Amino acid sequence: MPVLHHSKPAQNCRWHAFKNADELEQAAVARILSAAQQAIEDRGAFHIVLAGGTTPKKVYEALRDAKAEWAAWHIYFGDERCFPREHAERNSRMAALAWLDHVSIPAAQIHPIPTEEGATVAAEKYAALVNKVNSFDLVLLGLGEDGHTASLFPQHDAGDSADAPSTLIVSDAPKPPPQRVSLSARRLSATRRLIFLVTGNSKAQAVKDWRSGRAIPATRVMPESGVDIYIESALFDGE
Ligand code: 6PG
């Protein structure tokens, strides 16, 4: 009998090209709010994982002025840099200043990754927390110039196996700071919807690699419902 070799399933990508970053951000805000309304109608709560970095900042600032049932929102983070809680480089700090400090989401429903307690403790505590959530409703992710997402970097374990832990500790990230805690690709994939937000010409090579089938870390996140990639159309040029 031949040995069956199961190749990794392909990532189901839906590419959404926008004329510019503003249009992309407006579409992302609308999609987030509609996903929230649907989740709250269906299950009484909305569990969303936020992307770090700078790309989502304007989306978060636009959400500050949105009308939503904030009392039913539960906020998680896809990754966090190992800095003190209020450090300007923390992903949780960016989201708080841009959005979360300005809306009435109960503080007990906003879950920063506690990297101020050290990577090991933070990874353990956050795994215990997210393991209580069977499936997120929406995960937001960015894309790095090298094809990384969250803190899943090239030549590093993406945590995409079926038995991968929910959180990963990164001690030598090529993007400063070197120490980070990330949700694993497996855990990021346990979501009803997932949107990548990709803007800026610096991401052109990563997008080209992605679309040509290279196994950049972003391809390791494979929710059953596929991934929606919101991208500036200029990044498609040359195809
Ligand atoms: C981080 C982010 C990281 C980010 C990408 C894109 O902690 O740095 O989680 O994965 O999303 O590096 O960053 P920009 O949005 O700043 O381009």
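See the structure shown above.
Residues numbered from 1 in each chain as written. Predicted model: local features only at pLDDT ≥ 70, side-chain atom pairs only at ≥ 80, totals over all residues. Heavy atoms only, no water.

A.B. asks: How would you explain the sheet that holds strand 6 (residues 167-170) if you had to name every residue and give the values?
C.D. replies: What the three strands build is an open sheet, ordered 4-7-6; its pairing is antiparallel. A strand with exactly one partner marks an edge of an open sheet, and here the two such strands are strand 4 (79-81) and strand 6. For this sheet, the mean angle separating the axes of adjacent strands, direction not counted, is 15°. Along the sheet face, helix 4 (residues 119-130) touches strand 6 and strand 7 (180-183) and points at about 165° away from the line of strand 6. (Pairing = 2+ DSSP bridges. Helix = DSSP H or I, 4+ residues; strand = E, 2+ residues; numbered from the N terminus. Axes fitted to C-alpha atoms, helices over the stretch in contact; angles between N-to-C directions. Contact = heavy atoms within 4.5 Å.)

A.B. asks: If you had to explain the packing of helix 1 (residues 21-43) against helix 2 (residues 57-64) to someone new, which residues and values would you point to?
C.D. replies: Running from N to C, helix 1 and helix 2 point in directions that differ by 55°, and their axes come no closer than 9 Å. Classified by the interaxial angle, the pair formed by helix 1 and helix 2 is oblique. Helix 1 and helix 2 meet at a crossing whose hand is right-handed. Taking contact as the criterion, the partners of Glu 25, Ala 28, Val 29, Ile 32 and Leu 33 in helix 1 are, on helix 2, Lys 58, Val 59, Ala 62 and Leu 63. Classifying every residue of the contact of helix 1 with helix 2 by side-chain character gives seven nonpolar, no polar and two charged. (Parallel < 35°, antiparallel > 145°, perpendicular 65-115°, else oblique. Left-handed = near helix turned anticlockwise from the far one by under 90°. Nonpolar A, V, L, I, M, F, W, Y, C, P; charged D, E, K, R; others polar.)

A.B. asks: Break down the sheet that holds strand 2 (residues 46-50) for me, with residues and values.
C.D. replies: Taken together, the six strands give an open sheet; going across it, the order is 1-9-8-5-2-3, and neighbouring strands pair in parallel fashion. Looking at the sheet topology across the chains shown, the edges are occupied by strand 1 (13-18) and strand 3 (73-77). In this sheet, adjacent strand axes meet at a mean angle of 20° when their direction is disregarded. Where strand 2 lies against strand 3, five bridges are found, and the strand directions are parallel. By the bridge assignment, Leu 50 is partnered in strand 3 with Phe 77. With respect to the sheet, helix 1 is in contact with strand 1, strand 2, strand 3, strand 5 (136-141), strand 8 (191-198) and strand 9 (227-232), its orientation differing from that of strand 9 by roughly 155°.

A.B. asks: Please set out the site of the ligand residue by residue, giving values where relevant.
C.D. replies: Around the ligand, a shell composed of 16 residues is seen, among which Thr 55, Asp 79, His 148, Ala 150 and Lys 203 lie nearest. Interatomic distance of 2.6 Å between a side-chain N/O atom of His 148 and an oxygen atom of the ligand. Between the ligand and the protein, one listed contact pairs an oxygen atom with a side-chain N or O atom of Arg 180 at 2.9 Å. Notes on the ligand: free accessible area 420 Å², of which the protein chains cover 92%. More than half of the atoms belonging to the ligand lie within 2 Å of the grid points that define the largest pocket. Grouping the constituent residues of the shell around the ligand by class yields two nonpolar, nine polar and five charged. (Near = heavy atom within 4 Å. Polar contact = N/O pair within 3.5 Å; in protein donor to acceptor, adjacent residues only side chain to side chain. Areas by Shrake-Rupley, 256 points an atom, 1.4 Å probe, with all protein chains shown as cover. 1 Å grid on protein atoms, 1.4 Å probe; cavity = no way out; pocket = protein on both sides within 12 Å on 5 of 7 lines; lining within 4 Å. Sits in = over half its atoms within 2 Å of the grid points.)

A.B. asks: A description of the pattern of salt bridges should follow, citing residues and the corresponding values.
C.D. replies: Overall, the coordinates contain 14 salt bridges when judged by the stated rule. One salt bridge connects Arg 14 with Asp 228, and the closest N-O pair in it is separated by 2.7 Å. Within this pair, whereas Arg 14 is found in strand 1, its partner Asp 228 is found in strand 9, the two being separated by 214 residues in sequence. Note that Arg 90 is salt-bridged to Glu 80, the shortest N-O span being 3.3 Å. Here Glu 80 lies in strand 4 and Arg 90 lies in the loop between strand 4 and helix 3 (91-98), a separation of ten residues in the sequence. For Arg 90, a relative accessible area of 0% gives the class buried. Here the salt bridges do not stand alone but share partners, grouping Glu 80, Arg 85, Arg 90 and Glu 116 into one network. (Salt bridge = Lys/Arg side-chain N within 4 Å of Asp/Glu carboxyl O. Buried < 20%, exposed > 50% of the residue type's maximum accessible area, 1.4 Å probe, protein only.)

A.B. asks: Which residues make up the side chain of Arg 187, and what values do they have?
C.D. replies: Examined against the element boundaries, Arg 187 turns out to sit in helix 5 (residues 185-188). Despite its burial, Arg 187 pairs with no opposite charge; the closest candidate is Asp 137, at 9.6 Å N-O. Dropping the residues within four chain positions of it, Arg 187 is found in contact with Val 130, Asn 131, Val 133, Asn 134, Ser 135, Phe 136 and Ser 166. (Lys, Arg positive; Asp, Glu negative; His and termini not counted.)

A.B. asks: Describe in detail the packing of aromatic side chains, supporting the description with residues and values.
C.D. replies: Enumeration over the complete set of coordinates arrives at ten aromatic pairs. Ring plane angle 70° and centroid distance 5.1 Å describe the contact between Trp 15 and Trp 210, whose orientation is recorded as edge-to-face. Of the two residues, Trp 15 sits in strand 1 while Trp 210 sits in helix 6 (residues 204-211), which places them 195 residues apart along the sequence. When the ring of Phe 18 is compared with that of Tyr 230, the centres are 5.2 Å apart and the planes differ by 45°; the resulting orientation is tilted. Here Phe 18, found in strand 1, pairs with Tyr 230, found in strand 9; they are 212 residues apart in sequence, far enough to count as distant. Each member of the pair, Phe 18 together with Tyr 230, is buried. Members of the aromatic cluster, each reached through a chain of ring pairs, are Phe 46, Tyr 60, Trp 70, Trp 73 and Trp 99. The ring of Phe 136 has Arg 187 sitting right over it, with the charged end atom 4.1 Å from the ring centre. (Phe/Tyr/Trp six-rings, centres within 6.5 Å; stacked < 30°, edge-to-face > 60°. Lys NZ or Arg CZ within 6 Å of the ring centre and 35° of its normal.)

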